[in-house]
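# Structural characterization, general
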Amino acid sequence: MDTTLLALHNLKKTYGNKTAVNVDSLAIQPHSFTCIVGKSGCGKTTLLRLLSGLETPDTVTNVKDQTAASYSTTGQHINVTSCITGLPAKTAPVFQEPRLMPWLTVKENIMFSLKGQDGNATNSDVSLPSPEERCRQLLQELELTEAANLYPAQLSGGMAQRVSLGRTLFYDPELILMDEPFSALDYFTRRNLQDMVLRLFQHQKKTILFVTHDVEEALLLGDRILVMENGNIKADMPVNLPPPRKAADPPLQEMRQQILDLLAE
Ligand SMILES: Nc1ncnc2c1ncn2[C@@H]1O[C@H](COP(=O)(O)OP(=O)(O)OP(=O)(O)O)[C@@H](O)[C@H]1O
């Protein structure tokens, strides 16, 4: 049985003579939590941007169009599906900064994906609870019930990032791409949000790709850690320890040192 959700083959992105991403082969399993660590500039964000369609792989002009068999630029043919296969139609990013709509309340921000441009509901999946009920559940899970009618300017950084997470989860994506979502937050807020993401991950069975500078964060959250260097996957390490984990757990300490040694090479 094929348990791969998403596969990358020869995925490359260069800017001028700088190779930002150069991944030979990578498979991501469904319902997995993969953390990507690496030094600044190693290509973590570019990799997520390629997957979210914000960047196109080299010589490919339209990665979103999965139906196209091939592209021809400068005489070269590249099959898009040979670079990225299985990318779920419902893939959503969570950025470092919350990017909320300042004129909408917390609740309206969370339910933002419900509205088409004409203001009509676009999510007609009858197997899901009503949109109001889903929003109510998310507000509760993210400890935002009391803040439902506040505007972004009235929120702390941690609250705003929880709203951003709620907006993504409300959209109900299969794959979530998180780019250092907690790095701007203080230690305690970050720990609180890490616990929340783990609970939501276990409960909602999403597939998560999570970029972080913080090796400890990767060890606390991920069931797999990819170490990137110069655009490549330098190491691919499973974390065989069920959550909740503690940074002081000896196996985590050992992995932490291994990763730091790899990064220092
Ligand atoms: N739009 C761009 N134009 C030119 N070079 C770029 C562009 N985006 C990224 N790069 C370069 O590609 C390389 C990888 O950048 P990327 O942002 O993916 O690294 P990163 O690992 O996410 O870094 P950080 O941890 O500092 O965010 C860097 O050398 C960067 O300067």
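Here goes a summary of the coordinates provided.

About the cut-offs
- Residues numbered from 1 in each chain as written.
- Predicted model: local features only at pLDDT ≥ 70, side-chain atom pairs only at ≥ 80, totals over all residues.
- Heavy atoms only, no water.
- Near = heavy atom within 4 Å.
- Helix = DSSP H or I, 4+ residues; strand = E, 2+ residues; numbered from the N terminus.
- Nonpolar A, V, L, I, M, F, W, Y, C, P; charged D, E, K, R; others polar.
- 1 Å grid on protein atoms, 1.4 Å probe; cavity = no way out; pocket = protein on both sides within 12 Å on 5 of 7 lines; lining within 4 Å.
- Points joined across faces, edges and corners; volume = space filled by probe spheres on them.
- Pairing = 2+ DSSP bridges.
- Buried < 20%, exposed > 50% of the residue type's maximum accessible area, 1.4 Å probe, protein only.
- Right-handed = clockwise from strand over helix to strand, strands pointing away.

Around the ligand, a shell composed of 13 residues is seen, among which Ser40, Gly41, Lys44, Thr45 and Thr46 lie nearest. Where the shell around the ligand is concerned, the elements lending two or more residues are strand S2 (18–28) and helix H1 (44–51). The element that contributes the greatest number of residues to the shell around the ligand is H1, accounting for 3 residues. The residue makeup of the shell around the ligand, split by class, is 3 nonpolar, 6 polar and 4 charged.

A few words on the layout of surface pockets. The probe, sized like a water molecule, is rolled over the atoms to show the empty space still left. Reported here for the second largest pocket is a volume of approximately 220 Å³. Taken together, 11 residues form the lining of the second largest pocket, with Arg134, Gln137, Glu141, Asp172 and Gln204 sitting closest to its centre. Every element with two or more residues in the lining of the second largest pocket is listed here: helix H4 (131–141) and helix H6 (187–204). If you tally residues by element for the lining of the second largest pocket, the top one is H4, at 4 residues. Residue classes in the lining of the second largest pocket are distributed as 4 nonpolar, 3 polar and 4 charged.

Below, the discussion takes up the sheet that holds strand S1 (residues 6–15). Across the sheet, 3 strands lie side by side as S2-S1-S6; this open sheet has antiparallel pairing. Either end of the sheet is taken by a strand with one partner, and the two such strands are S2 and strand S6 (84–85).

What follows concerns the pairing of strand S9 (residues 207–211). Of all 5 residues in S9, 5 are buried; the element is thus mostly enclosed. Taking every second residue as pointing to the same face, both faces of S9 are buried, with Thr207, Leu209 and Val211 on one and Ile208 and Phe210 on the other. As paired elements, strand S3 (residues 33–38) and S9 share 4 bridges and run parallel to each other. The residue of S9 that forms the bridge with Thr34 is Leu209. Bridging between strand S8 (residues 175–179) and S9 involves 5 bridges; their strand directions are parallel. Bridging across to S9, Leu177 finds its partner in Leu209. Regarding topology, H6 serves as the crossover connection from S8 to the parallel S9, and that connection is right-handed.

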